[in-house]
Amino acid sequence: MAPNVLIFGAGAIGSIYVYILDQAGANVTAVCRSNYQAAKEHGFEIMSEKFGHVKVKSSVVRTVEEASGQEWDYVLVCSKAMCGSRPTTAEILKPVVGAKTAIVLLQNGISIEEEYIEAYPSNPVISVVVYLPATQLASGIIKMGDLEYLEVGTYPSDAPSSHKEAASAFCDLIKAGKGHAILYDDVQPRRWSKLIVNAPWNPLCALARSTDVAFMNASPQATDVVWSVMKEIVAIANALGYAEINEEEAAFQLGRAKARIPDKGIEPSMLADIWLGRAMEVEAIVGNTVRIAEKKGVPAPGLTMIYVLTKALDESNARQRILKKL
Ligand SMILES: NC(=O)C1=CN([C@@H]2O[C@H](COP(=O)(O)OP(=O)(O)OC[C@H]3O[C@@H](n4cnc5c(N)ncnc54)[C@H](OP(=O)(O)O)[C@@H]3O)[C@@H](O)[C@H]2O)C=CC1
Ligand SMILES: CC(C)(CO)C(=O)C(=O)O
């Protein structure tokens with residue numbers, strides 16, 4: 001039987017998985033907020049090097065309450081990871097999480113799984129690392145390139161075999177929709193590898209209001225600053241026992257950005273948040289990492305400076321949003 005999939009947050013990433021899972025034959029419903037009307041009337045339009053110029057119309061709802069009363073095999077969390085916000089996203093999802101629902105987190109950051117484990121100790125929690133630069137240009141209209149792949153695994157890595165099966169079935173579903181997914185027994189090292197990218201690039205590009213390439217081109221020191229923060233992330237991952245996260249891995253990740261230099265570069269999702277005056281994933285991507293470094297006694301002066309600046313910027317933006325509403 002076709003699985004029932006609820007996508008919570010159909011922005012840049014969520015919309016693309018509406019398309020992929022629809023292609024896979026799943027029954028897809030998207031929980032939309034600002035793009036509800038556009039998605040309801042016109043569906044989602046994806047301009048992509050990977051899939052071409054495609055459109056998909058799924059069932060859409062405004063809230064999880066509207067989607068309750070039905071068994072969901074998978075709830076995909078594709079909203080921003082706002083660690084520390086209240087209510088937590090895990091709490092918001094209560095009406096749609098049944099006894100067998102697998103909660104799938106397609107989000108950046110580290111230690112983002114804890115709130116779900118706390119709220120749903122018996123449900124499969126599937127942690128997914130997303131490589132997919134994408135932007136929502138207007139409500140329901142998304143642009144992506146040719147890169148799309150997911151690194152998938154249960155949280156924790158020693159979850160029961162039924163949770164492992166749910167993670168494996170999720171990968172098969174993505175592949176059936178012509179997406180790319182790789183299953184890991186322990187996906188946490190892959191999260192640290194992605195953090196090497198996100199922890200320096202997302203906040204630095206947001207602070208500098210620049211693409212990664214514009215940032216590197218702006219001063220002779222810029223690339224070295226990024227590199228030094230990447231090495232801090234490697235040291236933190238090593239202190240946690242992830243020996244496979246090393247400078248070679250960091251050099252590979254920095255190389256991906258350097259390879260874009262003749263081009264105009266990419267806008268990390270935190271830069272998209274800045275343009276729209278939205279809250280940024282400061283805690284999930286930077287704050288949690290700084291706190292792990294402190295706990296493990298690993299010096300992280302570059303990352304800490306980035307945290308302090310980005311946190312202040314995020315709070316300043318929050319004050320601006322309040323003033324605009326008055
Ligand atoms: N964009 C990218 O290139 C990449 C992003 N990622 C990660 O993927 C995750 C998703 O990012 P992205 O798609 O860019 O984010 P977006 O901001 O584009 O999309 C998030 C969506 O979630 C919606 N949302 C948030 N809260 C609710 C709610 N309570 N009810 C309904 N909808 C809600 C937002 O609605 P509204 O518009 O109303 O705010 C928005 O449509 C993040 O963790 C990000 O770091 C990973 C790799 C690449
Ligand atoms: C840097 C990028 C685009 C990599 O996929 C990303 O993860 C983000 O924008 O948050």
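- Naming follows an unreviewed UniProt entry, where the protein chain appears as 2-dehydropantoate 2-reductase of Rhizodiscina lignyota.
- Quoted verbatim from the Catalytic activity (unreviewed entry) field of UniProt, the annotation for the protein chain is "(R)-pantoate + NADP(+) = 2-dehydropantoate + NADPH + H(+)".
- The Sequence similarities (unreviewed entry) field of the UniProt record for the protein chain holds the comment "Belongs to the ketopantoate reductase family."

1. What about a nonpolar patch on the surface?
- A grouping of Leu207, Met305 and Leu309 is seen on the molecular surface, where their side chains present a nonpolar patch of about 260 Å² in accessible area.
- Here Leu309 shows up in helix α12 (residues 301-325).

2. Brief notes about the site of ligand 2
- In the neighbourhood of ligand 2, the contacting residues comprise Asn108, Leu132, Pro133, Lys194, Asn198, Asn202, Ile266, Pro268 and Ser269.
- Contact distances for ligand 2 include 3.1 Å between an oxygen atom and a side-chain N or O atom of Asn202.
- Within the complex, the protein chains bury 89% of what would otherwise be the 280 Å² of accessible surface of ligand 2.
- No other element matches helix α6 (residues 188-208), which puts 3 residues into the shell around ligand 2.
- Of the residues belonging to the shell around ligand 2, the class tally is 4 nonpolar, 4 polar and 1 charged.
- Structurally, the shell around ligand 2 is a two-domain feature, drawing no fewer than three residues from each of domain 1 (4-185) and domain 2 (189-325).

3. Describing the packing of helix α8 (residues 222-239) against helix α9 (residues 247-258)
- Interhelical geometry of α8 versus α9 gives an angle of 145° and a closest axis separation of 10 Å. In this structure, α8 meets α9 at a crossing whose hand is right-handed. Here α8 contributes Thr223, Val226, Trp227, Met230, Lys231 and Val234 to the contact with α9, which in turn contributes Glu247, Ala250, Ala251, Gln253, Leu254 and Lys258.
- Per-class residue counts for the contact of α8 with α9 are 7 nonpolar, 2 polar and 3 charged.

4. Some words on the nonpolar core
- The biggest cluster of nonpolar side chains holds 44 residues, and the ones touching the most others in it are Tyr17, Leu21, Phe44, Leu76, Leu106, Leu150 and Phe170.
- Per element, the largest residue contribution to this core is 7 residues, and it comes from helix α1 (residues 12-23).
- Not counting chain neighbours up to four residues away, the residues in contact with Leu150 comprise Tyr17, Leu106, Val128, Val129, Val130, Phe170, Ile174, His180, Ala181 and Ile182.
- Ile245, Ile274, Val282 and Ile292 belong to the second-largest nonpolar core, a separate cluster that totals 40 residues.

5. Structural notes on the site of ligand 1
- The full set close to ligand 1 counts 23 residues, and Ile13, Ser34, Asn108, Ala134 and Glu281 are the nearest of them.
- Residue Ala12 places a main-chain N or O atom 3.0 Å away from an oxygen atom belonging to ligand 1.
- Within the side chain of Lys80, one N or O atom sits 3.0 Å away from an oxygen atom of ligand 1.
- When ligand 1 is considered free in solution it has 900 Å² of accessible area, and contact with the protein chains removes 88% of it.
- Grouping the amino acids of the shell around ligand 1 by side-chain chemistry returns 11 nonpolar, 7 polar and 5 charged.
- Both domain 1 (4-185) and domain 2 (189-325) contribute no fewer than three residues apiece to the shell around ligand 1.

Rules used in this analysis
Residues numbered from 1 in each chain as written. Chains lettered and ligands numbered in written order. Predicted model: local features only at pLDDT ≥ 70, side-chain atom pairs only at ≥ 80, totals over all residues. Heavy atoms only, no water. UniProt positions renumbered as here; feature names shortened; annotations may be inferred. Patch = residues over 30% accessible without salt bridge, like charges linked within 9 Å, V, L, I, M, F, W, Y side chains within 5 Å. Areas by Shrake-Rupley, 256 points an atom, 1.4 Å probe, with all protein chains shown as cover. Salt bridge = Lys/Arg side-chain N within 4 Å of Asp/Glu carboxyl O. Helix = DSSP H or I, 4+ residues; strand = E, 2+ residues; numbered from the N terminus. Near = heavy atom within 4 Å. Polar contact = N/O pair within 3.5 Å; in protein donor to acceptor, adjacent residues only side chain to side chain. Nonpolar A, V, L, I, M, F, W, Y, C, P; charged D, E, K, R; others polar. Domains from an automatic or database assignment. Axes fitted to C-alpha atoms, helices over the stretch in contact; angles between N-to-C directions. Left-handed = near helix turned anticlockwise from the far one by under 90°. Contact = heavy atoms within 4.5 Å. Core = buried A, V, L, I, M, F, W, Y, C linked by side-chain atoms within 4.5 Å. Buried < 20%, exposed > 50% of the residue type's maximum accessible area, 1.4 Å probe, protein only.

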